[in-house]
Amino acid sequence: MTKNFWKELAARGPIVALAPMDGYCDSAYRQVCKTIAPNVIPFSEFYSADGLVHSKDLAKRVLPHADIEKPLIIQIFGKDPEKFRQAAIIIESYGVSGIDINMGCPAKKVVKSGHGSSLMINRDTAFRIVEEMAKAVKIPISVKTRLGWDNHDLLVDFCKGLENAGADLISVHGRTYKQAFTGKADFTGIYDLRQHLGIPVVANGDIMGYADGTRKILHPANRDTLVFPGEESVLGTGGGWKNLDGFMIGRASFGNPWCFLPDGHRPTLGEILEIMELHARLLIETKWPKGALEIRKHLVQYLHGFPGVKEYRTRLVHTESIDDVYGVTADIRREHADLLGMPLEPAQEAAFAQAWDQCNG
Ligand SMILES: Cc1cc2nc3c(=O)[nH]c(=O)nc-3n(C[C@H](O)[C@H](O)[C@H](O)COP(=O)(O)O)c2cc1C
């Protein structure tokens, strides 16, 4: 992958990415998302730059990936530019397509160590990290950050510094460090940032799916003059302002990898069960034995919102093997055969709920 990767991608349409999420975006999750939505660019959960340099074991455990995950972006965190440089070389040797630097994690432990969000206020270190990595590898370097520490006054300056240091893409979660996950994501500062940078800018925070993302990346001044995706490029500048280049979805993808699809596809119960089985198989294969326990939190999300599934949920949070998972999905198929082909259109959810309730007596 060349340094132009992000620019070329942005020129073809909105960048649609799976947001990096610790404890979620492992190889199995990324494969599931790519199986459903080949258009998505998967970001990994974050890994320690120091850990990758000092432990061969960590690199061997987290960097190998399946072809379907490509183009895969690996995210790392840390604070030492030299460790980032060495980690970048290791990551590149695994055939990864890009490296993302975490400059937005607000977790106390992370910030106290000088990692994540604290790089927004240790700017010289942040710029040196990007510079060292950009010089060391041929693959693109991106940064994921937040609006700022407690407001977005310094966002443009900070990101210009990152661009000058060699960053090829910036993604911004529309909350400050102080907000952590509270309040609503605000993209105002991100639209402004886009006017000042030559590299693509991706927005993140509270995006529910493809349609929501493509609407939110339009600069508000362009919204009246631009038509929507499929009719004309969303990268147009109808109102004279640059639009954002794409969006990242995190939490809305839990149990719903279909959220990345442009056509608003709503899965049937049958499709959902198949993907639950695929997810379980992949996670248990790639992360045995831990994966057999980790899969529980994913499986319950797939059935989120289906009324009358309490019983199955209880069983799903106690699975210990792939056979346990197959046992639950087989029972759902048998007991609700008439519902398997029912697409979950939003307008039909009430009907679906009713049908499900009836089935459950
Ligand atoms: C469980 C969880 C783990 C996360 N781990 C990371 C991480 O490893 N790296 C990172 O940059 N952001 C991480 N985030 C933040 C997300 O990437 C994203 O910025 C945030 O969830 C807002 O997007 P959303 O509203 O689409 O979920 C995490 C978020 C969640 C919920």
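Provided above is the structure to which this section pertains.
Residues numbered from 1 in each chain as written. Predicted model: local features only at pLDDT ≥ 70, side-chain atom pairs only at ≥ 80, totals over all residues.

Student: Please clarify how the overall build of the protein chain should be interpreted in this entry.
Tutor: Scanning the protein chain from N- to C-terminus turns up 15 helices and eight strands. Counting over 361 residues, the protein chain shows a buried share of 44%. Taking as baseline every contact in the protein chain between residues at least 6 positions apart, the subset at least 24 positions apart corresponds to 71%. (Helix = DSSP H or I, 4+ residues; strand = E, 2+ residues; numbered from the N terminus. Buried ≥ 20, exposed ≤ 12 C-beta atoms within 10 Å, placed from the backbone. Contact = placed C-beta atoms within 7 Å.)

Student: When you look at the site of the ligand in this model, what are you seeing that I'm missing?
Tutor: Neighbouring the ligand are 22 residues, the closest being Ala19, Asp22, Phe46, Gly250 and Arg251. Within the shell around the ligand, the residues separate by chemical class into nine nonpolar, eight polar and five charged. (Near = placed C-beta within 6 Å. Nonpolar A, V, L, I, M, F, W, Y, C, P; charged D, E, K, R; others polar.)

Student: Explain the pairing of strand E6 (residues 169-173) here, please?
Tutor: Look at any regular strand and the pattern is simple: side chains alternate between the two faces of the sheet. Buried residues dominate E6, accounting for five of its five residues. In E6, alternate side chains face the same way, and those of Leu169, Ser171 and His173 on one face and Ile170 and Val172 on the other are all buried. Bridging between strand E5 (residues 141-146) and E6 involves five bridges; their strand directions are parallel. Paired with Arg146 across the bridge in E6 is His173. (Pairing = 2+ DSSP bridges.)

Student: How should unusual backbone geometry be read in this particular structure?
Tutor: In terms of backbone geometry, most residues other than glycine have negative phi values and most peptide bonds are trans. Geometrically, the link from Lys70 to Pro71 is a cis peptide bond, its omega value of 0° lying close to zero. Structurally, the position occupied by Pro71 is in the loop between helix H4 (56-62) and strand E3 (73-77). Here Trp288 and Pro289 are connected by a cis peptide whose omega angle stands at 5°. For Pro289, the location among the structural elements is in the loop between helix H11 (269-286) and helix H12 (290-302). Here Asp206, not a glycine, exhibits a phi torsion of approximately 65°, which is positive.

Student: Teacher, can you tell me more about the sheet that holds E5 here?
Tutor: Strand-to-strand pairing in sheets goes through backbone hydrogen bonds, with the strands running parallel or antiparallel. Strands sit in the order E1-E2-E3-E4-E5-E6-E7-E8 around a closed barrel of eight strands; the barrel is parallel. The sheet shows a mean angle of 25° between the axes of neighbouring strands, taken without regard to direction. (Axes fitted to C-alpha atoms, helices over the stretch in contact; angles between N-to-C directions.)

Student: Help me understand the packing of helix H7 (residues 123-136) against helix H8 (residues 155-165) in this model?
Tutor: Two packed helices can be described by the angle between their axes and the distance between those axes. Between H7 and H8, the shortest axis-to-axis distance is 8 Å and the interhelical angle comes to 25°. Classified by the angle their axes make, H7 and H8 are roughly parallel. For the crossing formed where H7 meets H8, the hand is right-handed. In this structure, H7 uses Arg123, Ala126, Phe127, Val130, Glu131 and Ala134 to contact H8, whose residues at the interface are Phe158, Gly161, Leu162 and Ala165. (Parallel < 35°, antiparallel > 145°, perpendicular 65-115°, else oblique. Left-handed = near helix turned anticlockwise from the far one by under 90°.)

Student: Looking at this model, I keep getting lost on the packing of helix H2 (residues 27-36) against H11. Mind explaining?
Tutor: Between H2 and H11, the least distance of the axes is 8 Å, while the angle of their chain directions is 145°. In this structure, H2 meets H11 at a crossing whose hand is right-handed. When H2 is examined against H11, the residues Ser27, Ala28, Gln31, Val32, Thr35 and Ile36 are found in contact with a partner set consisting of Ile275, Leu278, His279, Leu282, Leu283 and Thr286. Residues belonging to the contact of H2 with H11 are distributed by class as follows: seven nonpolar, five polar and no charged.

Student: Please explain the environment of Lys79 as it appears in this structure.
Tutor: Position of Lys79 among the secondary structure elements: in the loop between E3 and helix H5 (81-93). On the neighbour-count criterion, Lys79 (19 C-beta atoms within 10 Å) is partly exposed. Considering only alpha carbons, one finds Lys79 and Arg128, 49 residues apart in sequence, at a separation of 9.9 Å. When residues no more than four places from it in sequence are discounted, the contact partners of Lys79 are Ser113, Gly114, His115 and Thr125.

Student: In this structure, what is going on with the environment of Asn243? I would like to understand it.
Tutor: Assignment of secondary structure puts Asn243 in the loop between helix H10 (210-216) and strand E8 (246-249). Owing to 26 C-beta atoms within 10 Å, Asn243 belongs among the buried residues under this scheme. For the pair formed by Asn243 and Ala221, sequence separation is 22 residues and the distance between their alpha carbons is 9.5 Å.

Student: How should H2 be read in this particular structure?
Tutor: Each α-helix turn comprises 3.6 residues. Residues three or four places apart therefore point the same way. Counting buried residues in H2 gives nine out of 10 residues, a clear majority hidden from the surface. Where H2 is buried, its residues touch strand E1 (15-18), strand E2 (41-48) and H11.

Student: Explanation requested: H5 in the structure shown.
Tutor: For H5, with 13 residues, the first-to-last C-alpha span of 19 Å sits near the 18 Å given by 1.5 Å per residue. Listed in full, the buried residues belonging to H5 are Lys83, Phe84, Arg85, Ala87, Ala88 and Ile91. Close packing links the buried residues of H5 with helix H3 (49-54), E3, strand E4 (98-103) and H7. (Expected span 1.5 Å × (residues − 1).)

Student: In this structure, what is going on with the nonpolar core? I would like to understand it.
Tutor: Across soluble globular proteins, nonpolar side chains show a tendency to be buried alongside one another. Within the largest apolar cluster, 97 residues are counted, with the highest numbers of intra-cluster contacts made by Ala17, Ile76, Ile99, Val130 and Leu162. Ranked by residue count, the leading element in this core is H11, at eight residues. Two domains each donate at least three residues to this core, and these are domain 1 (5-260) and domain 2 (269-359). When near neighbours in sequence (up to four residues on either side) are disregarded, Leu162 contacts Ala126, Phe127, Val130, Val143, Ala167 and Ile170. (Core = buried A, V, L, I, M, F, W, Y, C linked by C-beta atoms within 7 Å. Domains from an automatic or database assignment.)

Student: Sorry, what's going on with the pairing of E5 here?
Tutor: Burial analysis of E5 places six of its six residues in the buried class, the great majority of the element. Because side chains alternate across E5, one face comprises the buried residues Ile141, Val143 and Thr145, and the other comprises Ser142, Lys144 and Arg146, equally buried. Handedness of the crossover is the feature at issue here: the chain leaves E5, passes through H8, returns alongside E6, and the resulting connection is right-handed. (Right-handed = clockwise from strand over helix to strand, strands pointing away.)

Student: Honestly, the environment of Gly148 in this entry has me stumped. Any pointers?
Tutor: Along the chain, Gly148 turns up in the loop between E5 and H8. The exposure class assigned to Gly148 is buried, which follows from the 21 C-beta atoms found within 10 Å. Separated by 29 residues in the primary sequence, Gly148 and Tyr177 place their C-alpha atoms 6.3 Å from one another. Sequence-distant contacts of Gly148, that is, excluding residues within four places in its chain, are made with Met120, Asp153, Leu154, Leu155 and Thr176.

The analysis is restricted to geometry; functional conclusions fall outside its scope.
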